Amino acid sequence: MRILIYVLGIYMMSDAWGDDQQVIYQYKKYEKFDLGNLEVKGQLIAPGDISVRERERRRFELDLFSRKNFDGFIKKDVESLR
Amino acid sequence: MKLLLLMISLILSLNAFSEEKKKTLSEVLEGKKYYYSALNEFFKETYSRTIIKDDLKRLEDLLYFTGIELLEDYEPSLLQKYPTSSTRFILARQALQTKKYKKALELFDKIHPDHRYYPEGKLLEAQVYDQQGNPKKRLESYEACQASAEKNENAALSEKIKRYYRMVHEICLVNKARHFFKAEEYKESLEAYNKIPKKSYKWPYLLLEKAWVYYQMGDYNRALGLLTTYKSPLLDTYFFPEAEYLAALSYFRLCLYEDSLTIINQFYKVYRPRFQALDSVLRKNKNSQSYFYNLMFKPGEELKKHEEFVRHILTRMKKQTRFSLDFNAIFKINQEMKRIAQNEKPVIKQMLLPHLGEVKENMINKINYNAKTDIFQFLEGVPFLSSELFKLNLEIISRKKDLVYSNKKLIADRSRGDYSNVKRTKFEYFWTFQGAFWADELGDYSLGLKSNCQTVRQVTEEGE
């Protein structure tokens, strides 16, 4: 039992010790690609069939005045009498 | 002391004035045919006592000579004391104006069918039913109005009275046509419109309305033909911005965009500046009590430039029955004032003339107010139609743009007229227009334009 407690204690201490270490990542500063030498494996298909599906252009028609009654004319006629 | 002498002199004069002691002052005035003075005196004598049948008969007799125009200035509570058909007519009219429809109907119902205001009462009753949304009753009232106006016209002896009843009859008939138009019963509407003779005062106004009926029926050629009638020299006083709009709209429906644009451009270049100038001159005098009354007889210096145009509007207003009645009342009051000034003693003059002066001034104010209202209503309609023409202009541009985008064009750039495009009934004859307007054919024109709305694919140079 005692041994198990020591092992656990050592493990936890070493874990805490490891947190203090700084990890430095380094990236490549320069890399050259020779696109001419790149080869893509597979079948080449020419993009000759690109199409856009046609849809009808939405028309916005203005609401033009179209007389539906002569109510104003009736009132005016009645008023024209006296 | 002076006052006492004046009082004694007044009493003596009045005694001498009403020689027969039994006669009241109003009766004496009536006997001397001073009807306007007698009417005023009659109200003073009778208002505070119980009204008897003879009083009502006398009131009707006096109103026969004076007309009821001046009663409009009286308090309704006073008029209610006199249950005659004339006072009921005035009270019902006031009830209609103040939207008391139930009361208006009650009063119109009490106008005696043989009374001279019965037909006009029926015309107004139809208005009440219209406000209440009762088309069936409205139509019945118009029909009763027509029948009674026709009966009164046939019985009338004076030409002026005949003309008045003819006018009421025609207004009721036209309102019936308008009733059918509102119900989208266009054939019935046209039938009613066509019953108005070409000699009628109302006829030139109806061309625009009939054009709308044809427009709604899809007969744009006939609508355009009717509107062309306004270009005849006989009808040059009748200018309606709405007629210009309807013509542009009809051309638009036939896809004759260039014709439509011609009308729109003409409106903007010629008419709109004219209306704006006129509006600015008239608005300065908006609060005047007599400017518009005087304008009816002579346009002032400021309007000289627009004289002809203003004259046209004023001529139309002078042809209204209302103007004739009011102006006739002023004429009769003037005559009465002159006769009193010439024939009566100073005390009587002092008693009668100030009241007559007030009545006359009220009538002048009424004409002034009506003229002002008419002119401004006309001018205020212009911006609305101007904006509608602008919208139409935009719509034409949009349609033209669509044609370009879709690489299409209209079937013909300018369609020529053809007889095959003229729609007509078996009662309508056809003659070609030879460049001159003939009075008997006015109002029967139709254009023979083919609809240009079919599109064809535009052939480009590359494709050729």
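This one's a predicted model, so the numbers in the text were calculated from it and none came from an experiment. (Residues numbered from 1 in each chain as written. Chains lettered and ligands numbered in written order. Predicted model: local features only at pLDDT ≥ 70, side-chain atom pairs only at ≥ 80, totals over all residues.)

### As for the overall build of chain B
Here is step 1: Across its full length, chain B carries 19 helices and 2 strands.
Here is step 2: Looking at the 464 residues of chain B, the share that counts as buried comes to 33%.
Here is step 3: Here the analysis covers contacts within chain B between residues at least 6 apart in sequence; of these, 62% occur between residues at least 24 apart. (Helix = DSSP H or I, 4+ residues; strand = E, 2+ residues; numbered from the N terminus. Buried ≥ 20, exposed ≤ 12 C-beta atoms within 10 Å, placed from the backbone. Contact = placed C-beta atoms within 7 Å.)

### Examining the packing of helix H6 (residues 85-97) of chain B against helix H7 (residues 101-109) of chain B
All names here are of chain B.
Here is step 1: The geometry of H6 relative to H7 is characterised by a closest axis approach of 8 Å and an angle of 160 degrees between their N-to-C directions. Put simply, H6 runs roughly antiparallel to H7. Two packed elements cross with a definite hand, and for H6 against H7 that hand is left-handed. On H7, the residues touching Arg88, Leu91, Ala92, Ala95 and Leu96 of H6 are Lys103, Ala104, Leu107 and Phe108.
Here is step 2: For the contact of H6 with H7, the residue count by class is 7 nonpolar, no polar and 2 charged. (Axes fitted to C-alpha atoms, helices over the stretch in contact; angles between N-to-C directions. Parallel < 35°, antiparallel > 145°, perpendicular 65-115°, else oblique. Left-handed = near helix turned anticlockwise from the far one by under 90°. Nonpolar A, V, L, I, M, F, W, Y, C, P; charged D, E, K, R; others polar.)

### Overview of the environment of Phe73 of chain A
Here is step 1: For Phe73 of chain A, the position within the fold is in helix H2 (residues 71-81).
Here is step 2: Other than its neighbours up to four places away in sequence, Phe73 of chain A contacts Arg178 and Glu209 of chain B.

### Quick word on helix H9 (residues 135-155) of chain B
All names here are of chain B.
Here is step 1: With 21 residues, H9 should cover 30 Å at 1.5 Å per step; its first-to-last C-alpha distance of 30 Å lies within 8% of that length.
Here is step 2: Looking at H9, one finds that the buried residues are Arg138, Ser141, Tyr142, Cys145, Gln146, Ser148, Ala149 and Asn152.
Here is step 3: If you follow the buried residues of H9, they end up packed against helix H8 (118-131) and helix H10 (159-182). (Expected span 1.5 Å × (residues − 1).)

### Quick word on the packing of H9 of chain B against H10 of chain B
All names here are of chain B.
Here is step 1: Following both chains from N to C, one finds H9 and H10 inclined at 155 degrees, their axes separated by 8 Å at the closest point. It follows from the interaxial angle that H9 and H10 lie roughly antiparallel. As for how H9 packs across H10, the hand of that crossing is left-handed. Note on element contacts: H10 touches H9 through Lys162, Tyr165, Arg166, Val168, His169, Cys172, Leu173, Asn175, Lys176 and His179, opposite Pro135, Arg138, Leu139, Tyr142, Cys145, Gln146, Ala149, Glu150, Asn152 and Glu153.
Here is step 2: A class-by-class count of the residues in the contact of H9 with H10 yields 9 nonpolar, 5 polar and 6 charged.

### Points about the nonpolar core
If you look at soluble globular proteins, the nonpolar side chains tend to sit buried side by side.
All names here are of chain B.
Here is step 1: One finds Ala92, Val168, Ala211, Ala223, Leu227, Leu246 and Ala248 to be the most contacted residues of the largest nonpolar core, which totals 96 residues.
Here is step 2: The element contributing the most residues to this core is H10, with 10 residues.
Here is step 3: Once residues lying within four places of it in the same chain are set aside, the contact partners of Val168 are Pro119, Glu120, Leu123, Cys145 and Ala149. (Core = buried A, V, L, I, M, F, W, Y, C linked by C-beta atoms within 7 Å.)

### Concerning unusual backbone geometry
Residue and element names in this part refer to chain B.
Here is step 1: The backbone of Glu184 shows a phi angle near 60 degrees, a positive value even though the residue is not glycine.
Here is step 2: Its place among the elements puts Glu184 in the loop between H10 and helix H11 (186-193).
Here is step 3: One non-glycine residue, Cys255, adopts positive backbone phi at about 60 degrees.
Here is step 4: With respect to the helices, strands and loops of the structure, Cys255 is situated in the loop between helix H14 (241-253) and helix H15 (257-283).

### Quick look at the interface of chain A and chain B
Here is step 1: Contacts between chain A and chain B engage 14 residues on the former and 22 residues on the latter.
Here is step 2: Classifying every residue of the side of chain A that touches chain B by side-chain character gives 8 nonpolar, 2 polar and 4 charged.

### Details of the confidence of the model for chain B
All names here are of chain B.
Here is step 1: Of all residues in chain B, 85% have pLDDT values of 70 or greater, and the mean over the chain is 86.
Here is step 2: Of all helices and strands in chain B, the one with the weakest mean pLDDT is helix H1 (residues 2-17) (60), whereas H7 scores best (97).
Here is step 3: Under the prediction, the complex receives an ipTM of 0.83, its pTM being 0.78. (pLDDT = per-residue confidence, 0-100.)

### Section: the environment of Leu91 of chain B
Residue and element names in this part refer to chain B.
Here is step 1: With respect to the helices and strands, the residue Leu91 is situated in helix H6.
Here is step 2: C-alpha separation for the pair Leu91 and Leu79, spaced 12 residues apart in sequence, amounts to 7.6 Å.
Here is step 3: Here Leu91 is in contact with Pro76, Leu79, Gln80 and Leu107, once residues within four sequence places are set aside.

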